[in-house]
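The primary structure of each chain is shown beneath.
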Amino acid sequence: MTVTYEEALQSYEPLFGLETHVELGTTTKMFCGCLTAFGAEPNTHVCPICLGLPGSLPVVNRRSIEFAIRIGLALNCSIASWCRFARKNYFYPDMPKNFQISQYDEPLCTDGYLDVLVGGSTIRVGIERVHLEEDTGKSLHVGGATGRIQGAEYSLVDYNRAGIPLVEIVTKPVPGTGYLAPEVAKAYVTELRDVLRTLGVSDVRMEEGSMRCDVNTSLSVLGSGVWGTRTETKNVNSLRSVERAVRSEIERQAFVLDSGGRIIQETRHFHEDTGVTTSGRSKEEAQDYRYFPEPDLVPVAPDPAWVTEIGKTLPELPSARRARLIESWSLSELEFEALRNAGALDAVEATVAAGASPADARKWWLGELARKANDAGVDVSELPITPAQVARVAELVESGALNDKLARQVIDGVLDGEGTPDEVVAERGLAVVSDDSALLAAIDEAIAANAEVADKIRNGKVAAAGALVGAVMKTTGGKADAPRVRELILERLA
Amino acid sequence: MDDLTTMTAAELAAAVAAGSVSAAEVTQAHLDRITAVDGAVRAFLHVNGEDALAQARAVDRKRAAGEPLGALAGVPVAVKDLFTTIGSPATCGSKILEGWYPPYESTITGRLREAGAILIGKTNMDEFAMGSSTENSGYGPSHNPWDLDRVPGGSSGGSAAAVAAYEAPLALGTDTGGSIRQPAAVCGIVGAKPTYGGSSRYGVVAFASSLDTPGPFGRTVLDAALLHEAMSGHDPMDSTSIDAPVPPVVAAARHGDVAGLRIGVVTDLSGEGYQPGVMSRFTEAIEVLESLGAKVTELSCPHFKYALPAYYLIAPSECSSNLARFDGMRYGLRTGTGSAEEIMAETRAAGFGAEVKRRIMLGTYALSSGYYDAYYGKAQQVRTLIIQDFEAAFGQVDVLVSPVTPTTAFRIGERADDPMAMYLADLCTIPSNLAGNAAISVPCGLADEDGLPVGLQVMAPPLADDRLYRVGAAVEAAFTTRWGHPLLTEAKGLIRS
């Protein structure tokens, strides 16, 4: 027995919130000079400080504070003029000190928002707080069936990740999205990822774990105005999973409630393979983290002038860019979303900057190139063709030197590594035959071979010219400029 | 020539610099002294031996090469066993760290090496600096050179005993609630707690981070000042380190002078529970200061009576978190089999002593959800009130004085089963830890009833550490003249040949 998503929405209103952890792209760790680079040999980027050896002390990386302030400003938050770090105490082997340096009741950034675009309309997601903390090490549990610590024969710990600066970005609960809740959740994470990428503060790679989401979900009986117990779903580590996790949790909670059960406050784990959540730790077993101000660090008091300075260096944010491109390219919001969802915004903008018209740029990137990327299983931005090269192809088509068919061959050539568009045109001999005398011979040949068609045209049935154009294109190997061929045929048979 | 081990650090440094004695000879003399007496004193957990001689020979080579020598060149320094030093273990007096060799050097011992000091060994202490007698050491107690049946105080009791027993002219300690001043007082030597943030905590294994303050021991005020100056100064590796010039403590120690100095007697630090002999010597010290031209007034710091309870919430809270890392996963003791959780629990059960466990539990409780405001939060408010008491007092006087500890050295075992009695040893010293200001213990005579040493505590505002040495040197000079010899020469536990 299950409840479908549609059934669930007939009885309940969903409420969700997100906690997103993002590894900051600082060169060194948060409290020591070790490198943050991903993928090094285990336990090579470590020192007495990030290993929490007895006697070692943390010193805050100024850059991590700057990055967190950039994020706070981009999310329209207030930046605290004075705040402290706190210790979050719990025992786990991948925590070198058995406490995590985090922020508790004095976060660096508070009370902001992020506007996201879903289905052509803008939804404002409130930001509760943005705070800084250190990452833990990474455990590898060997020998068990689940990869979890339970049942494992032994565990290995890599402390390279320990001490990498993280920000945690916590939304306020997002009400009123109804049926769209899973989509809004996904759109929020997507927009947040774009903002962070634009800010240059993180590589935001969900697959490498540099951006990780926890999703809180609860239901309210429609019209009751009373919010139910919320659950926190962890391990939601792709954009698609964000959407699926919210959706699956809505369905699960609706089923529990419909069956007369109650939702317990608990942590749940999302499983990428099955798309469902399973129960983790319940509130009853919840840890008391015994937060208290970190006595090894002095309070952080960012100079307001410094904050202002950081604010001045913020790049154009995705929302501002969206408004600008919609305006200057005359797009609808849905058209814009299509471009963004295809991951082609940067490419299209660069192609326009290189001289192509917005329409041509969109046409190539969303059409031919999106298909090629899809075939190759990569993002369009990863295709081995530059926006300038695409602009050149568009220019060649515009000038009549290429037609669409030839242009696609030129693109194939560029993607195959044969050189620039001009080099491919030259190498493959793909230029449109624009010499009328060369075309006329082929036209006469086509007229002679298709006397009946020619007669129809002579009698005014101009539409029949298409067949002759096709014949000419065939004999010229597609290199002729079709509109010109048509003109010449009509002149010839006038 | 005098026995090298009875010379002061100032004299040894001068002699080594002048070439009248080699650093190797100085070091060997102290190693021999350790061999002779430490079986009875048990000040050391680890003696550097060959390594100390190698350090000394390096100093001698530098001198031979005509290179400039540091302020402490050739002077042996005993190091409390919670400083990390490369090449020797750091047990912190705990079985849980038995056999751990730190892979890095503390800022302070690094600076002492730069200054040419010879790190001669690691000294005994109450486990993780929790205690006032060294009886909480996982390796057995140290003994007071004045009376080997008595404690040398604590937690830095090993360091104090080593200096008092002439095993080293100088020693490093740490003072979280009185752990330098109280052992200095009961061993009849000089010990100072610098301003919090004036001496780096990097490489000093933490007990209570907001209180821990490394500081010096010496047999004279000038010796303590020499070590104080050499170890101090801003350290970028410690966020709580103060970026300010080191107070001119050596200059102050050379010019003891209290004429016109305003001295406040803290009336709250006296009365019930204070041994009569301690109060007599304290009163005498005040008379000496007055006779030297100081303007002495009495004043009250009304919140000091809450200092001890506040301390016993704040220090255990911080320690419960600081000591969480000792879990058998990465270094030190590991016992038990089974899950990581079971190994952690068994290791901690086996590795920590009773007092450490008591404080971890106190702190864990005080920080728990629902209790935080009533305990840790309230204690922090008390701390603010104590800081305000000091500020008000220092608005009227230049330094404050009190006894260091209510009694002289107690017998080993006497308070072992009574934690509250033990905690009272730190009654007078704790306020300066909570406020982060500077304080010193200077010998001021022997209690009539037991013939054991008594210390005078002088407290100064943050970063006014030089005032401690100015007052200390004046008191020391006046008393030495009155007694006709340094107090320590009367120590009966170890008759010097």
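What counts and how
- Residues numbered from 1 in each chain as written.
- Chains lettered and ligands numbered in written order.
- Predicted model: local features only at pLDDT ≥ 70, side-chain atom pairs only at ≥ 80, totals over all residues.
- Helix = DSSP H or I, 4+ residues; strand = E, 2+ residues; numbered from the N terminus.
- Rg over C-alpha atoms; globule rule 2.2 N^0.38 Å.
- Buried ≥ 20, exposed ≤ 12 C-beta atoms within 10 Å, placed from the backbone.
- Contact = placed C-beta atoms within 7 Å.
- Pairing = 2+ DSSP bridges.
- Domains from an automatic or database assignment.
- Core = buried A, V, L, I, M, F, W, Y, C linked by C-beta atoms within 7 Å.
- Bend = angle between axes of the 7 residues up to and from the residue.
- Axes fitted to C-alpha atoms, helices over the stretch in contact; angles between N-to-C directions.
- Parallel < 35°, antiparallel > 145°, perpendicular 65-115°, else oblique.
- Left-handed = near helix turned anticlockwise from the far one by under 90°.
- Nonpolar A, V, L, I, M, F, W, Y, C, P; charged D, E, K, R; others polar.
- pLDDT = per-residue confidence, 0-100.

## Topic: the overall build of chain A
Argument step 1. A count of helical and extended segments in chain A gives 17 helices and 14 strands.
Argument step 2. Relative to a compact globule of 494 residues, whose C-alpha radius of gyration would be 23 Å, chain A shows 30 Å and is clearly more extended.
Argument step 3. Principal-axis analysis of the C-alpha atoms places the extent of chain A at approximately 95 × 55 × 50 Å.
Argument step 4. A buried classification covers 42% of the 494 residues belonging to chain A.
Argument step 5. Intrachain contacts of chain A at a sequence separation of at least 6 include 68% that bridge at least 24 residues.

## Topic: the overall build of chain B
Argument step 1. In terms of regular secondary structure, chain B is built from 16 helices and 11 strands.
Argument step 2. Relative to the globule expectation of 23 Å for 497 residues, the C-alpha radius of gyration of chain B, 21 Å, shows essentially globular dimensions.
Argument step 3. C-alpha extents for chain B along the principal axes are approximately 65 × 55 × 45 Å.
Argument step 4. Contacts spanning at least 24 positions in sequence make up 76% of the contacts within chain B whose residues lie at least 6 apart.

## Focus: the interface of chain B and chain A
Often the size quoted for an interface is simply the accessible area lost on bringing the parts together.
Argument step 1. Taken together, the contacts link 32 residues of chain B with 25 residues of chain A.
Argument step 2. Breaking the side of chain B that touches chain A down by element, the ones donating at least two residues are helix H10 (307-322) and helix H11 (340-351) of chain B.
Argument step 3. Broken down by element, the residue count for the side of chain B that touches chain A peaks at 3 residues, all from H10(B).

## Side note on the pairing of strand S9 (residues 399-403) of chain B
Residues and elements named next belong to chain B.
Argument step 1. Burial runs high along S9: 5 of the 5 residues are buried.
Argument step 2. Two elements, strand S7 (residues 262-266) and S9, share 3 bridges in a ladder whose sense is parallel. Residue pairing in the sheet places Ile-263 in a bridge with Val-399 of S9.

## Examining the sheet that holds strand S3 (residues 86-89) of chain A
All names here are of chain A.
Argument step 1. Strand order in the open sheet made by the 3 strands is S4-S3-S14, with antiparallel pairing throughout. The open sheet has two edge strands, strand S4 (99-102) and strand S14 (292-293), and neither has a second partner.
Argument step 2. As judged from the 2 bridges shared by S3 and S14, these two strands associate in the antiparallel manner. Residue pairing for S14: Arg-87 is matched across the bridge by Phe-292.

## What about the domain arrangement of chain A?
Argument step 1. As assigned here, chain A comprises domain 1 (5-310), domain 2 (342-428) and domain 3 (436-492).
Argument step 2. For domain 1 of chain A and domain 3 of chain A, the distance between their C-alpha centres works out to 66 Å.

## Overview of unusual backbone geometry
Argument step 1. Cis geometry is found at the peptide bond from Gly154(B) to Ser155(B), where omega equals 10°.
Argument step 2. Mapped onto the elements, Ser155(B) comes out in the loop between strand S3 (118-123) and helix H5 (157-164).
Argument step 3. Its identity is not glycine, yet Asn98(A) carries a phi of approximately 60°, on the positive side.
Argument step 4. In this model, Thr134(B) sits at a positive phi of 65°, which is unusual for a non-glycine residue.
Argument step 5. On the basis of neighbour count, Thr134(B) is assigned to the buried category, with 33 C-beta atoms found within 10 Å.

## Things to note about the nonpolar core
Argument step 1. Counting 237 residues, the largest nonpolar core has Ile71(A), Val77(B) and Val458(B) as the members making the most contacts within it.
Argument step 2. Per-element accounting of this core gives the leading share, 10 residues, to helix H3 (residues 181-199) of chain A.
Argument step 3. Residues within four places of Val458(B) in sequence aside, it is in contact with Val399(B), Val401(B), Ala439(B), Ile440(B), Val442(B), Leu468(B), Val471(B) and Gly472(B).

## Let's talk about helix H2 (residues 23-41) of chain B
All names here are of chain B.
Argument step 1. If you look at H2, its biggest bend is around 40°, right at Thr-35.
Argument step 2. Along H2, the positions that sit buried rather than exposed are Ala-23, Ala-24, Val-26, Thr-27, His-30, Leu-31, Arg-33, Ile-34, Val-37, Asp-38 and Val-41.
Argument step 3. Looking at the buried residues of H2, the elements they touch are helix H1 (9-18), strand S1 (44-47), helix H3 (50-64), strand S2 (76-80), S3 and H5.
Argument step 4. Positive backbone phi, at 55°, marks Arg-42, one or two positions downstream of H2.

## Comments concerning the packing of helix H11 (residues 387-398) of chain A against helix H12 (residues 404-415) of chain A
Two quantities define a packed helix pair, namely the angle between the axes and the distance from one axis to the other.
Residues and elements named next belong to chain A.
Argument step 1. Two elements in contact, H11 and H12, have axes whose closest approach is 10 Å; the angle formed by their N-to-C orientations is 155°. Taken together, the axis directions place H11 and H12 in an arrangement best described as roughly antiparallel. In this structure, the crossing between H11 and H12 has a hand that is right-handed. On the side of H11, the interface is formed by Gln-389, Val-393, Leu-396 and Val-397, while H12 contributes Asp-404, Ala-407, Val-410, Ile-411 and Val-414.
Argument step 2. A class-by-class count of the residues in the contact of H11 with H12 yields 7 nonpolar, 1 polar and 1 charged.

## As for the sheet that holds strand S11 (residues 453-460) of chain B
Residue and element names in this part refer to chain B.
Argument step 1. Taken together, 11 strands build an open sheet; the order of strands is S1-S3-S2-S4-S6-S5-S10-S11-S9-S7-S8 and the sheet is mixed. Strands at the two margins of the open sheet, each flanked by one partner only, are S1 and strand S8 (295-299). Geometrically, the sheet is characterised by an average inter-axis angle of 30° between neighbouring strands, direction not taken into account.
Argument step 2. Sheet contacts for H5: S1, S2, S3, strand S4 (170-175), strand S5 (190-193) and strand S6 (213-218); angle to S4, the most-contacted strand, approximately 155°.

## Things to note about the confidence of the model for chain B
Argument step 1. Within chain B, residue pLDDT values average 96, and 99% of them lie at 70 or more.
Argument step 2. Here the prediction assigns the complex a pTM of 0.89, and the interface score ipTM is 0.96.

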